[in-house]
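Topology and contacts: notes
Here's the letter readout for the chains.
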Amino acid sequence: MKLIQRVIGCIGCLVLIGSGSLWAQGSLLGVSLSPSKGEGSLSVPMQIVLTLTLLTVLPAVLMTITPFLRITIVLHFLRQALGTQGTPSNQVLIGLSIFLTLLIMQPVATEMYHKGWEPMEKGQVTWQQAFEEGTKPLQAFLIRYVREKDVKLFLDVSHTQAPKRPADLTLTVLVPAYVLSELKTGFQIGAVLFLPFLVIDLVVASVTLSIGMIQLPPVMLSAPFKILLFVLVDGWNLVVGSLVRSFYQT
């Protein structure tokens with residue numbers, strides 16, 4: 001139960017502290033769902049509209065500012081390199097990516113929960129302060145994997161002056177820069193994965209053409225060899241282990 005609360009608290013910090021929180025005790029988003037009693041409070045219908053709007057943004061948030069982006073790209077390249085078409089299925093690859101993402105992001109989620117959600121839930125800070133404190137662990141995580149070139153690009157595009165410290169970068173610059181950095185990293189890993197399987201394709205194609213075997217396409221003949229090689233070297237363990245370690249060693 002505590003793990004679920006921490007995950008919910010993390011999601012809340014990502015989308016204005018509480019977009020993924022559950023309906024409980026008549027409250028949602030950390031705001032009491034009761035008729036407004038003052039000029040500064042929102043009406044219940046408006047709270048529901050804002051909540052549903054934030055929930056629609058949540059999948060995009062989880063897919064872009066977490067390791068989910070790099071993992072899915074690499075697994076897709078791996079499946080293409082193996083030439084197994086739809087095996088493993090998209091559901092399996094996405095499920096594996098989600099659980100690996102939860103494993104990697106657990107320390108960050110826990111820190112965000114303690115710094116942002118818990119104080120706001122106890123009424124110790126406002127939601128603005130909770131958002132500021134709760135997103136600091138996320139900023140530190142993004143800064144570890146973002147490239148300086150990508151940060152500079154979005155600083156120039158937004159006409160923002162470069163801060164003195166990386167910790168002073170805002171999420172509006174960090175998030176798109178992180179996405180570009182992860183796309184490049186994912187494609188680099190995917191290209192490296194492709195090379196050994198490409199060599200097998202070239203060897204099989206050369207052999208079949210040299211002996212005049214043109215009845216079967218070379219791709220069909222090379223597929224069993226690629227799968228056998230991948231199984232013999234325990235490929236899934238190597239790929240997944242390298243992916244997870246890449247986030248802990250950076």
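You'll find the structure just up there.
Residues numbered from 1 in each chain as written. Predicted model: local features only at pLDDT ≥ 70, side-chain atom pairs only at ≥ 80, totals over all residues. Heavy atoms only, no water.

Our focus in this paragraph is the packing of aromatic side chains. Across all of its chains, the model carries seven aromatic pairs by this definition. For the pair Phe77 and Phe187, a centre-to-centre distance of 5.1 Å together with 75 degrees between the ring planes defines the contact as edge-to-face. With a gap of 110 residues between them, Phe77 in helix α3 (residues 68-82) and Phe187 in helix α8 (residues 171-210) connect regions that are remote in the sequence. Note on Phe77: relative accessible area 18%, which makes it buried. On the numbers, 6.2 Å between centres and 50 degrees between planes, the contact of Phe197 with Phe230 is tilted. With Phe197 in helix α8 and Phe230 in helix α9 (residues 218-232), this residue pair connects regions lying 33 residues apart in the sequence. This pair shows no difference in class: Phe197 is buried, exactly as Phe230 is. Every member of this aromatic cluster is reached through a ring pair, and the members are Phe141, Tyr145, Tyr178 and Phe247. Across from the ring centre of Phe247, 4.1 Å away, lies the NZ or CZ of Arg70, which sits over that ring. (Phe/Tyr/Trp six-rings, centres within 6.5 Å; stacked < 30°, edge-to-face > 60°. Helix = DSSP H or I, 4+ residues; strand = E, 2+ residues; numbered from the N terminus. Buried < 20%, exposed > 50% of the residue type's maximum accessible area, 1.4 Å probe, protein only. Lys NZ or Arg CZ within 6 Å of the ring centre and 35° of its normal.)

So, on to α9. Counted at 1.5 Å a residue, the expected span for α9 with its 15 residues is 21 Å, and the 22 Å between its end C-alpha atoms agrees. Residues of α9 that are buried: Ser222, Ala223, Lys226 and Phe230. One or two steps after α9, the chain reaches Asp234, where phi turns positive at roughly 55 degrees. (Expected span 1.5 Å × (residues − 1).)

Positioned with a positive phi, His159 is a non-glycine residue whose angle comes to about 55 degrees. Even without a glycine there, the phi angle at Asp234 is positive, about 55 degrees. If you trace the backbone, Asp234 turns up in the loop between α9 and α10 (235-249).

What follows concerns the packing of helix α4 (residues 90-121) against helix α6 (residues 136-145). In the contact formed by α4 and α6, the axes pass within 8 Å of each other and the chain directions differ by 150 degrees. Considering the angle they form, α4 stands roughly antiparallel to α6. Listed contacts from α6 to Met105, Val108, Glu111, Met112 and Lys115 of α4 are Pro137, Leu138 and Phe141. Within the contact of α4 with α6, the residues separate by chemical class into six nonpolar, no polar and two charged. (Axes fitted to C-alpha atoms, helices over the stretch in contact; angles between N-to-C directions. Parallel < 35°, antiparallel > 145°, perpendicular 65-115°, else oblique. Contact = heavy atoms within 4.5 Å. Nonpolar A, V, L, I, M, F, W, Y, C, P; charged D, E, K, R; others polar.)

Right, let's talk about a nonpolar patch on the surface for a bit. Together, Leu153, Val157, Leu180, Leu183 and Phe187 make up a nonpolar patch on the protein surface, roughly 410 Å² of accessible area in all. Broken down by secondary-structure element, the contributors of at least two residues to the nonpolar patch are α7 (148-157) and α8. Examining the composition of the nonpolar patch, we find that three residues originate from one element, α8, more than from any other. Here Val157 lies in helix α7. (Patch = residues over 30% accessible without salt bridge, like charges linked within 9 Å, V, L, I, M, F, W, Y side chains within 5 Å. Areas by Shrake-Rupley, 256 points an atom, 1.4 Å probe, with all protein chains shown as cover. Salt bridge = Lys/Arg side-chain N within 4 Å of Asp/Glu carboxyl O.)

Now for the environment of Glu132. Residue placement: Glu132 occurs in helix α5 (residues 127-134). Taking the C-alpha atoms as reference points, Glu132 and Lys115, separated by 17 residues in sequence, lie 9.3 Å from one another.

Here we take up the packing of α4 against α5. Where α4 meets α5, the axes come as close as 8 Å, and the angle between the chain directions of the two elements is 175 degrees. The angle between the axes of α4 and α5 places the two elements in the roughly antiparallel class. Across the interface between the two elements, Met112, Lys115, Gly116 and Met120 of α4 pack against Trp127, Ala130, Glu133 and Gly134 of α5. For the contact of α4 with α5, the per-class residue count stands at four nonpolar, two polar and two charged.

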